[in-house]
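Summary of the model geometry
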Amino acid sequence: LDEARGARILCPVPRVVGLTEPPVVPRFLAALTAAGASPTRVDAYETAFGCGGGACDVERQLLMEGKLDAVVFSSTAEAEALLEACGGG
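All of these numbers come straight from a predicted model, not from anything done at the bench.

On to the side chain of Thr47, then. Among the structural elements, Thr47 can be located in strand 2 (residues 38-48). The class of Thr47 is buried, set by a relative accessible area of 17%. Excluding residues within four positions of it along the chain, Thr47 makes contact with Pro14, Arg15, Val16, Val17, Leu19 and Ala77.

Dropping the structure here:
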């Protein structure tokens, strides 16, 4: 991490809206700062709850009927959104 000291680092990351932000990005930025770098957070895209008003009814039904073998998530925000869409959370 000595290479990070004094480095100015652009960090394009997701902006999380209406969901709990996973700790990954804040921890990453804090680690860069602790290593002596100057990270600049830039919201590159938005992660938000995308289903509403019955938009996910088909997917919800497949889950509830056990007709899916697996669900894949790339972030905890996605898992939280699916839980919310299925009436949990």
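Okay, back to it.
A word on the pairing of strand 2. Direction of pairing for strand 1 (residues 8-17) relative to strand 2: parallel, over a ladder of 10 bridges. Looking across to strand 2, one finds that Arg15 is bridged to Glu46. Handedness of the β-α-β unit built from strand 1, helix 1 (residues 24-34) and strand 2 comes out right-handed.

Moving on to the nonpolar core. Counting residues in hydrophobic clusters, the biggest one holds eight residues: Ala4, Cys11, Val13, Val25, Leu29, Leu32, Ala35 and Ala37. Of all the secondary structure elements, the ones that give two or more residues to this core are strand 1 and helix 1. If one sorts the elements of this core by residue count, helix 1 sits on top with three residues. Ignoring any residue separated from it by four or fewer positions in sequence, one finds Leu32 in contact with Ile9, Cys11, Ala37 and Pro39.

Definitions and cut-offs
Residues numbered from 1 in each chain as written. Predicted model: local features only at pLDDT ≥ 70, side-chain atom pairs only at ≥ 80, totals over all residues. Heavy atoms only, no water. Helix = DSSP H or I, 4+ residues; strand = E, 2+ residues; numbered from the N terminus. Buried < 20%, exposed > 50% of the residue type's maximum accessible area, 1.4 Å probe, protein only. Contact = heavy atoms within 4.5 Å. Pairing = 2+ DSSP bridges. Right-handed = clockwise from strand over helix to strand, strands pointing away. Core = buried A, V, L, I, M, F, W, Y, C linked by side-chain atoms within 4.5 Å.

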